[in-house]
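# Summary of structural features
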Amino acid sequence: MITPNAKSDLCSYLQSARDALLWKLDGLSEYDVRRPLTPTGTNLLGLVKHVATVELGHLGDVFGRPSGEPLPWLADGAEPNADMWATAQESRAFVVDLYRRAWAHSDATIDALALDTVGTVPWWPDDRNEVTLHHAVVRVIADTQRHAGHADIVRELIDGAVGVNQGNDGLAAGDPEWWESHRNRLERAARDAAQGV
């Protein structure tokens, strides 16, 4: 059963995830927002570009509300994974502005349609490609939170900054020496476990 406050609850969680993800870019150089820090190339600006693309698809195209945004990284013949990184020509401002336009478009879809409205996901198999707006919003929240978590780890690798937002790192109290000691203790425990100690 969908409660009267369901839309506002969903929108609140979605916006919180969006804000957390964008906050990870604050104060970083052009290089740091783009640099790949995992073997699969995970990078901050690419995560933002990806979630903008996800929102425009799931909360736009799926419900017959295309945004009109050109997304060449989804075109036939585009290289694999092109939505997960920004080219040198795609500025930080371009990607962030695209994401903010995606928010506006998604929010307009959520506002305009009932949560039980059914849409069609063209990139899913025909026998299971129908989805309600409620399901699509939950899926976008889950995807955005997942990538905000990735961004939190990537940002920590860049400069040690962690947390959900400014002033809320969500960590136990501890100075840098305590955290180094804590990490070393975990390393010792992992080595001992691997050696069967």
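Refer to the structure printed above.
Reference entry: report on the structure contained in this document. (Residues numbered from 1 in each chain as written. Predicted model: local features only at pLDDT ≥ 70, side-chain atom pairs only at ≥ 80, totals over all residues. Heavy atoms only, no water.)

Time to look at the environment of W179. Mapped onto the elements, W179 comes out in helix α6 (residues 176-194). W179 gets classed as partly exposed once you look at its relative accessible area, which sits at 28%. A sequence separation of 66 residues divides W179 from L113, and the C-alpha atoms of the two residues are 48 Å apart. (Helix = DSSP H or I, 4+ residues; strand = E, 2+ residues; numbered from the N terminus. Buried < 20%, exposed > 50% of the residue type's maximum accessible area, 1.4 Å probe, protein only.)

A few words now on the packing of helix α1 (residues 6-23) against helix α4 (residues 92-112). Their axes nearest at 12 Å, the elements α1 and α4 cross at an angle of 175°. On the basis of their axis angle, the class for α1 and α4 is roughly antiparallel. For the pair α1 and α4, the contacting residues are K7, C11, L14, Q15, R18, D19, L21 and L22 in the first and V96, Y99, R100, W103, S106, D107, I110 and D111 in the second. Residues that form the contact of α1 with α4 fall into these classes: eight nonpolar, two polar and six charged. (Axes fitted to C-alpha atoms, helices over the stretch in contact; angles between N-to-C directions. Parallel < 35°, antiparallel > 145°, perpendicular 65-115°, else oblique. Contact = heavy atoms within 4.5 Å. Nonpolar A, V, L, I, M, F, W, Y, C, P; charged D, E, K, R; others polar.)

As for its position among the elements, N129 is in the loop between β1 (118-120) and β2 (130-132). We classify N129 as buried; its relative accessible area is 11%. Every residue in contact with N129, bar those within four places of it in the chain, is listed here: G119, T120, V121 and W124.

Attention shifts here to the side chain of T42. Here T42 lies in the loop between α2 (30-34) and α3 (44-58). Assessed through its relative accessible area of 18%, T42 is described here as buried.

Two descriptors summarise a pair of aromatic rings, namely the distance from one centre to the other and the angle between the planes of the rings. Evaluated as defined, the whole model comprises one aromatic pair. For the pair Y99 and W103, a centre-to-centre distance of 5.2 Å together with 75° between the ring planes defines the contact as edge-to-face. Highlighted residues: Y99 and W103, both in helix α4, separated by four residues, approximately one helical turn. The burial state of Y99 is the same as that of W103; both residues are buried. (Phe/Tyr/Trp six-rings, centres within 6.5 Å; stacked < 30°, edge-to-face > 60°.)

These results come straight from atomic positions and should not be treated as a statement about function.
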